[in-house]
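Chains, contacts and geometry: an overview
For reference, the chains in residue letters:
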Amino acid sequence: MPIGLLIFYRLLGTALLVLAAATLWEKYRTVRGAQLLPGRILQCRKAGSTSPRNGAGGYRYLVELYADGERLERETNDSFWFDRSDRTGKSVLVWYNPARPLVERKSPGTEVLAASMALVGVALLLLH
């Protein structure tokens, strides 16, 4: 295998491992100290209109939840490609942390994504 391609694969594998670690770290920051609460999806809306970042895209759920007897409306940290308004009214479990502006839906998606990125990263590092 050409040395240039081997170097590219090594860099790509390292980048995937770093991304997998960053993904898990961000989830840990959101879930640490949070309460698992039931919520109800109120709507699915464009993230760019509600996010402070100019480049935010995709769609997010607006979730209604009750924490300490208080009704709250918070956005999830999801990013869907398409409007998923068909899920409006459904109940979901969310991790609520008062110190964070967004809530995290309880799902294994983050861990599965991080594991798959790590596997591909290790496979690229092991190429000869």
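For the structure given in this document, a descriptive report is provided here. The residue count restarts for each chain, going from 1 along the sequence in the order it is written. Selection of residues for local features in this predicted model requires a pLDDT of at least 70, selection of side-chain atom pairs for listing and counting requires 80 or more, and totals for whole chains, interfaces and linings are taken over all residues. Based on all heavy atoms of the structure, the side-chain values leave hydrogens and waters out of the count.

Time to look at the packing of aromatic side chains. Geometry of an aromatic ring pair is reported as the spacing of the ring centres plus the angle between the planes. Stacked, edge-to-face and tilted labels apply to pairs of Phe, Tyr and Trp rings (six-membered ring for Trp) whose centres lie within 6.5 Å, assigned for plane angles under 30 degrees, over 60, and everything in between, in that order. One pass over the full model with this rule turns up two aromatic pairs. Each ring, one from F8 and one from Y9, has its centre 6.1 Å from the other, and the planes form 50°; the classification is tilted. Using a 1.4 Å probe on the protein chains alone, a residue whose accessible area is under 20% of its type maximum counts as buried, one over 50% counts as exposed, and one in between counts as partly exposed. Residue class for F8 comes out partly exposed when judged on its relative accessible area of 47%. Ring centres of W25 and Y28 lie 5.4 Å apart, and the angle between their planes is 35°; this geometry places the pair in the tilted category. Residue W25 and its partner Y28 are both found in helix α1 (residues 3-31); the two are separated by three residues, about one turn of the helix. Helix and strand assignments follow DSSP, with helices taken as H or I runs no shorter than four residues and strands as E runs no shorter than two, numbered in order from the N terminus.

Next up on the list: the packing of α1 against helix α2 (residues 109-125). Packing of α1 against α2 leaves a shortest axis separation of 8 Å and a crossing angle of 160°. When the axis of α1 is compared with that of α2, the two are roughly antiparallel. Remark: the crossing between α1 and α2 carries left-handed chirality. The segment α1 lies against α2, with Y9, R10, L12, G13, T14, L16, L17, L19, A20, T23, L24 and K27 engaging T110, E111, A114, M117, A118, V120, G121, V122, L124 and L125. The axes used here are C-alpha line fits, helices contributing only the stretch in contact, and every angle between their N-to-C directions lies in the interval 0 to 180 degrees. Every angle not falling under 35 degrees, over 145, or within 65 to 115 is termed oblique; those three ranges are roughly parallel, roughly antiparallel and roughly perpendicular. Here a crossing is called left-handed whenever its near helix is offset anticlockwise from the far helix by less than a right angle, and right-handed whenever the offset is clockwise. Any two residues whose heavy atoms approach within 4.5 Å are treated as being in contact.

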